[in-house]
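Here are the chains, one letter per residue:
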Amino acid sequence: MRPMRFAIAIPQFYSDGEFDPAAFRAYFARAEELGFDSAWTQEQVLGPAPQLGPVETMTYAAACTQRLRLGCAVFVSTLHSPVHLAKSLSTLDQLSCGRIEIGIGTGGKGRQFAAFGVDPARYAARFTEGIELMKRLWTDSRVSFDGEFWQLQDAAMEPKPFQKPFPPIWFGGARPTALRRAVQLGSGFFGAGSAPTVKFADQVQIVREVLAESGRPADDFPIAKRVYIAIDRDAGRARQRINAELERLYGHRSPDIEAAAIAGPPGHCVSELRKVAEAGAGLILFTPMFDQAEHAERLAAEVIPNLG
């Protein structure tokens, strides 16, 4: 059995002029001292919350760290040019000396596809083709590609990623087709922060069934879960604060999303996080939505030691 690993969210939520470079650097220095395994962004190009872009934020974080692995859970890669995304991630993997993790997902049907020039009827096919093209650009010296969405003729992309053949690719997703695709094409599965633990457990069960069908060893396919968390001795205050932040992030209130978040005193958080681990998460990504530096301290002192 792999030991449990714990990750922390990369601060991304800053209003105009609010970003503090010194505080950002201090956050990462302390995260490394506290022993977190990795730090992760998320992507929301259009939305009501003031959220910095993931690649740029990860790049800044790479310059502030020595050991932490850095990822995004997830890039909605359907909305990206795979050529540009492959180049950006290859560059970032070089700049970080091989510390990048890549999470990708289709984004589902509810995206504003027209804003990105994407046909909503073909978004899943575009997603799969984009992954294939990125992998080719990361591994082949010359790429000729005749796809439905992209065509290349004898094209080269250098340098390749620092990690060979390319960084780990985590797949997000909730539906059985997406989970099957994760096993077929990915390095691991990353459960969404918006998925309650019960739904995450069902997703893990499907992943494990597909792994068994394919003959792929489960130990070679890690499973992770983002968890929105608020630690506070006052359970009501914790719940009120995190619900307000989730409404700002998603643009609406959702009972399922609120149920997925863990809020309350440390003992309650530990109890609920154990359920996430029992559901199959080998990596838990803690995502506080406020007071992030203070939460990192409390997670390391009051929560993680009780989850071992």
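Residues numbered from 1 in each chain as written. Predicted model: local features only at pLDDT ≥ 70, side-chain atom pairs only at ≥ 80, totals over all residues. Heavy atoms only, no water.

Enquirer: What exactly am I supposed to notice about the overall build of the chain here?
Expert: In terms of regular secondary structure, the chain is built from 10 helices and 11 strands. In terms of overall dimensions, the chain is globule-like: its C-alpha atoms have a radius of gyration of 19 Å, near the 19 Å expected for 308 residues. The principal-axis extent of the C-alpha atoms belonging to the chain is close to 60 × 45 × 40 Å. Sequence separation of 24 or more characterises 74% of the internal contacts of the chain that already satisfy a separation of 6 or more. Split by element, the accessible area of the chain, about 14,000 Å² in all, is 52% carbon and sulfur. Charge centroids of the chain, computed over 34 positive and 35 negative side chains, lie 2 Å from each other. (Helix = DSSP H or I, 4+ residues; strand = E, 2+ residues; numbered from the N terminus. Rg over C-alpha atoms; globule rule 2.2 N^0.38 Å. Contact = heavy atoms within 4.5 Å. Areas by Shrake-Rupley, 256 points an atom, 1.4 Å probe, with all protein chains shown as cover. Lys, Arg positive; Asp, Glu negative; His and termini not counted. Charge placed at Lys NZ, Arg CZ, Asp CG, Glu CD.)

Enquirer: Looking at this model, I keep getting lost on the side chain of Thr 57. Mind explaining?
Expert: With respect to the helices and strands, the residue Thr 57 is situated in helix H2 (residues 54–64). Using a relative accessible area of 5% as the deciding quantity, one classes Thr 57 as buried. One polar contact links the side chain of Thr 57 to the main-chain carbonyl oxygen of Gly 53, over a distance of 2.6 Å. Residues in contact with Thr 57, not counting those within four places in the same chain, are Ile 10, Pro 11, Gln 12, Phe 24, Thr 41 and Leu 52. (Buried < 20%, exposed > 50% of the residue type's maximum accessible area, 1.4 Å probe, protein only. Polar contact = N/O pair within 3.5 Å; in protein donor to acceptor, adjacent residues only side chain to side chain.)

Enquirer: Would you take a moment to explain the packing of aromatic side chains for this structure?
Expert: The geometry of two aromatic rings is summed up by the distance between their centres and the angle between their planes. By the definition in use, this model includes 16 aromatic pairs. Taken together, a centroid distance of 5.7 Å and an interplanar angle of 55° make the contact between Phe 149 and Trp 150 tilted. Judged by relative accessible area, which is 13%, Trp 150 ranks as buried. Measuring from centroid to centroid gives 5.4 Å for Trp 170 and Phe 190, while their planes differ by 65°, and the two rings are edge-to-face. Within this pair, whereas Trp 170 is found in strand E7 (residues 169–171), its partner Phe 190 is found in strand E8 (residues 188–191), the two being separated by 20 residues in sequence. The buried category is assigned to Trp 170, whose relative accessible area is 3%. (Phe/Tyr/Trp six-rings, centres within 6.5 Å; stacked < 30°, edge-to-face > 60°.)

Enquirer: Explain unusual backbone geometry to me, please; I cannot follow it from the model alone.
Expert: Residues apart from glycine generally show negative phi values, whereas peptide bonds are mostly found in trans. Backbone torsion omega between Glu 158 and Pro 159 reads -5°, so that peptide bond is classified as cis. Structurally, Pro 159 is set in the loop between strand E6 (151–155) and E7. Residue Pro 165 is bonded to the preceding Lys 164 through a cis peptide linkage, with omega at 0°. Secondary-structure assignment places Pro 165 in the loop between E6 and E7. In this structure, Cys 97 takes a positive phi of about 55° despite not being glycine. Inspection of the secondary structure assignment puts Cys 97 in the loop between helix H3 (82–95) and strand E4 (100–105). Taking relative accessible area as the criterion, Cys 97 reaches 52% and is therefore assigned exposed.

Enquirer: It is not clear to me how helix H1 (residues 21–34) should be interpreted in this structure. Could you clarify?
Expert: The periodicity of an α-helix, 3.6 residues per turn, causes residues three or four places apart in sequence to face the same way. Its 14 residues place the ends of H1 20 Å apart at the C-alpha level, agreeing with the 20 Å of an ideal helix rising 1.5 Å per residue. Considering only its buried residues, H1 is in contact with strand E1 (5–9), strand E2 (38–41), H2 and helix H10 (292–303). The N-capping residue of H1, defined by a side-chain oxygen 3.1 Å from the backbone nitrogen of Ala 22, is Asp 20. A positive backbone phi angle near 90° is found at Gly 35, which sits one or two residues after H1. (Expected span 1.5 Å × (residues − 1).)

Enquirer: For this particular structure, what's the right way to read the pairing of strand E9 (residues 223–231)?
Expert: On any regular strand, side chains alternate: one points to one face of the sheet, the next to the other face. For E9, a buried count of 9 out of 9 residues is recorded, marking the element as mostly surrounded by other parts of the structure. Taking every second residue as pointing to the same face, both faces of E9 are buried, with Ile 223, Lys 225, Val 227, Ile 229 and Ile 231 on one and Ala 224, Arg 226, Tyr 228 and Ala 230 on the other. Sheet topology note: the E8/E9 ladder contains 3 bridges and is parallel. Counterpart to Phe 189 in the pairing with E9 is Ile 223. (Pairing = 2+ DSSP bridges.)

Enquirer: Where do I start with the environment of Gln 94 in this structure?
Expert: Here Gln 94 shows up in helix H3. Overall, Gln 94 belongs to the partly exposed group, its relative accessible area being 30%. Sequence separation between Gln 94 and Glu 302 is 208 residues, and the spatial gap between their C-alpha atoms is 36 Å. Ignoring anything within four residues of it in the chain, the contact list for Gln 94 reads Pro 159, Lys 160, Pro 161 and Phe 162.

Enquirer: How should H10 be read in this particular structure?
Expert: Residues Gln 292, His 295, Ala 296, Leu 299 and Val 303 constitute the buried set of H10. The buried side chains of H10 occupy one side of the element, clustering within an arc of 105° when seen end-on. In this structure, the buried side of H10 is in contact with E1, H1, E9, helix H9 (266–278) and strand E11 (283–288). (Arc of directions from axis to C-beta.)

Enquirer: Looking at this structure, I do not really get the pattern of salt bridges. What am I missing?
Expert: Between side chains of opposite charge, a pair can form as their charged atoms come close. Here the structure, examined in full by the defined rule, presents 16 salt bridges. One salt bridge connects Arg 30 with Glu 33, and the closest N-O pair in it is separated by 3.0 Å. On the criterion of helical spacing, the pair formed by Arg 30 and Glu 33 is a turn pair, its members being 3 residues apart in helix H1. On the accessibility criterion, Arg 30 (34% relative accessible area) is partly exposed. In this structure Glu 33 comes out as exposed when scored by relative accessible area, which is 58%. The residue Glu 297 makes a salt bridge to Arg 30 at a minimum N-O spacing of 2.6 Å. You can see Glu 297 sitting in helix H10 and its partner Arg 30 sitting in helix H1, a full 267 residues away along the chain. (Salt bridge = Lys/Arg side-chain N within 4 Å of Asp/Glu carboxyl O.)

Enquirer: What is the right way to read the side chain of Lys 160 from this model?
Expert: Mapped onto the elements of the fold, Lys 160 is located in the loop between E6 and E7. Reaching out from Lys 160, the side chain makes a polar contact with the backbone oxygen of Leu 137 at a distance of 2.9 Å.

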